[in-house]
Amino acid sequence: MSSSDQQEPQPVRPLQVLYCQICTFPPEYCEFGSSLTRCKEWLQGAHTQLFEKYYSDEALQSKIGTLSLAAQAKLEKDTAKKEAKAEAKADAALKKKMASQVSIKRIERNKRKHVTAIHGLEAFDIDLKKAAKFLAQKFATGASVTKNAQGQDEIVVQGDVSDDVMELIEGGAGPLKGVPADNVVIVEEKKKKAGE
């Protein structure tokens with residue numbers, strides 16, 4: 001056989017898959033997620049052709065046409081229940097986040113030595129290790145993530161930097177973005193004397 005008789009196979013191009021910006025599923029699987037109505041709104045605004053393909057009246061009738069009336073009613077009821085549950089969960093998480101407090105404690109170690117303990121950042125989805133590293137670099141001191149007496153994680157920074165940390169949180173610097181300044185409290189704690 002000569003080389004002209006053999007044709008090289010054409011390379012297969014990879015498929016471009018579109019993912020929903022709301023539930024991160026492909027659009028044809030959004031119905032299995034917990035936020036179908038928001039997914040539909042996004043798809044209608046961003047990709048009208050796909051919306052017509054999956055959620056137009058004809059497409060829905062062809063999908064539902066095989067179900068009985070009781071099954072259709074149950075499907076609609078389950079979908080509404082799922083969406084309400086997801087919205088309630090998101091609202092509860094938001095309320096919890098807004099009710100959370102970040103406390104910055106200035107703790108006296110010796111007469112002139114202080115450490116600053118920052119507690120409550122994990123409620124705002126902040127990676128404590130990254131935040132500790134950022135604070136250590138910012139203030140050129142040691143900073144670590146430790147467990148406090150209640151067993152919760154906190155960042156301990158060497159030195160009296162409580163006011164500076166407050167300014168960084170208000171400014172949304174580095175990994176401290178997303179913490180509302182209203183939820184931050186500065187507390188001063190003195191070491192108890194041996195006589196007390």
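All values reported here derive from a predicted model rather than from experimental measurement.

### Details of a nonpolar patch on the surface
A cluster of nonpolar side chains, namely Leu15, Val17 and Tyr19, defines an oily patch on the protein surface of about 350 Å² accessible area. Relative to the elements of secondary structure, Leu15 occurs in the segment before helix H1 (36-46). Relative accessible area serves as the criterion here: at 76%, Leu15 is assigned to the exposed category.

### A closer look at helix H2 (residues 48-55)
Of all the positions in H2, only Phe51, Tyr54 and Tyr55 are classed as buried. An end-on view of H2 places all buried positions within 80° of arc, on one side of the element. Of the residues in H2, the exposed ones pointing more than 90 degrees away from the buried face are Gln49 and Lys53.

### Brief notes about the pattern of salt bridges
Applying the stated criterion across every chain yields a total of two salt bridges. As a salt-bridge pair, Asp160 and Arg106 come within 2.9 Å of each other at their nearest N and O atoms. In this pair, Asp160 is assigned in the loop between strand S4 (153-158) and helix H6 (162-171) and Arg106 in strand S1 (residues 102-108), connecting sequence segments 54 residues apart. Assessed through its relative accessible area of 41%, Asp160 is described here as partly exposed. We classify Arg106 as buried; its relative accessible area is 18%.

### Comments concerning the pairing of S1
When S1 meets strand S2 (residues 114-119), the two strands line up antiparallel, connected through six bridges. The partner of Ile107 across the bridge, within S2, is Val115. Hairpin connection from S1 to S2: five residues lie between these consecutive antiparallel strands.

### A few points about the nonpolar core
Counting 21 residues, the largest nonpolar core has Ile118, Leu121, Leu135 and Ile155 as the members making the most contacts within it. Contributions of two or more residues to this core are made by S1, helix H5 (128-139), S4 and H6. If we skip the residues at most four places from it in the chain, Leu121 touches Val102, Ile126, Leu128, Ile155, Leu176 and Val179. Ranked by size, the runner-up nonpolar core spans ten residues in total, among them Cys39, Trp42, Leu43 and Tyr54.

### Observations concerning a positive patch on the surface
A cluster of like positive charges, contributed by Lys77, Lys81, Lys85 and Lys89, occupies part of the molecular surface. Relative to the elements of secondary structure, Lys77 occurs in helix H4 (residues 69-99).

### With respect to the confidence of the model for the chain
For the chain, mean pLDDT is 80; residues scoring 70 or higher make up 89% of the total. The secondary-structure element of the chain with the lowest mean pLDDT is helix H3 (residues 57-64), recorded at 71, while S4 shows the highest, at 90.

### Points about the packing of H1 against H2
Where H1 meets H2, the closest approach of the two axes is 6 Å, and the angle between their N-to-C directions is 135°. By the angle between their directions, the pair H1 and H2 is classed as oblique. Note on element contacts: H2 touches H1 through Thr48, Leu50, Phe51 and Tyr55, opposite Leu36, Lys40, Leu43, Gln44 and Ala46. Each residue belonging to the contact of H1 with H2 can be placed in one class, and the counts come to six nonpolar, two polar and one charged.

### Quick notes on the pairing of strand S3 (residues 143-147)
Looking at chain direction, S3 and S4 are connected through five bridges and run antiparallel. Of the residues in S4, the one forming a bridge with Thr146 is Glu154. Here S3 folds back onto S4 in antiparallel fashion, the turn holding five residues, of which Gly151 has a positive phi close to 85°.

Calculation notes
The written sequence of each chain sets the order in which its residues are numbered from 1. The predicted origin of the model limits local features to residues at a pLDDT of at least 70 and limits the giving and counting of side-chain atom pairs to 80 or more, whereas totals for whole chains, interfaces and linings rest on all residues. Hydrogen atoms and water are omitted, and side-chain values are computed over all heavy atoms in the structure. Like charges are joined within 9 Å and nonpolar side chains (Val, Leu, Ile, Met, Phe, Trp, Tyr) within 5 Å, but only among residues with over 30% relative accessible area and no salt bridge; these make up the patches. For the area figures, the Shrake-Rupley method with a 1.4 Å probe applies, and any residue is considered shielded solely by the protein chains shown. Take a side-chain nitrogen of Lys or Arg and a carboxyl oxygen of Asp or Glu: if they are within 4 Å of each other, that pair is a salt bridge. For the purposes of this entry, the term helix denotes a DSSP run of H or I that reaches at least four residues, the term strand denotes a run of E that reaches at least two, and both are numbered from the N terminus. In this scheme, a residue with accessible area under 20% of its type's maximum is buried, one over 50% is exposed, and one in between is partly exposed, where area comes from a 1.4 Å probe on protein chains only. Here, the arc refers to the directions that run from the helix axis to the C-beta atoms. Between any two strands, at least two bridges found by DSSP are needed for them to pair. In this description, a nonpolar core means a group of buried Ala, Val, Leu, Ile, Met, Phe, Trp, Tyr and Cys residues linked to one another through side-chain atoms lying within 4.5 Å. Residue contacts follow a heavy-atom distance rule, with two residues in contact if any of their heavy atoms lie within 4.5 Å. Residues scored as positive are Lys and Arg, those scored as negative are Asp and Glu, and His as well as the terminal groups of each chain are ignored. One atom stands in for each charge, and that atom is NZ of Lys, CZ of Arg, CG of Asp or CD of Glu. The predictor attaches a confidence to each residue, called pLDDT, with possible values from 0 through 100. Note on definitions: angles span 0 to 180 degrees between N-to-C directions of axes, and those axes are lines fitted to C-alpha atoms, for helices only across the stretch in contact. Geometric relationships in this document are graded by angle, where less than 35 degrees denotes roughly parallel, more than 145 denotes roughly antiparallel, 65 to 115 denotes roughly perpendicular, and other angles denote oblique. Polar here means any residue other than Ala, Val, Leu, Ile, Met, Phe, Trp, Tyr, Cys and Pro, which are nonpolar, and Asp, Glu, Lys and Arg, which are charged; Gly is therefore polar.

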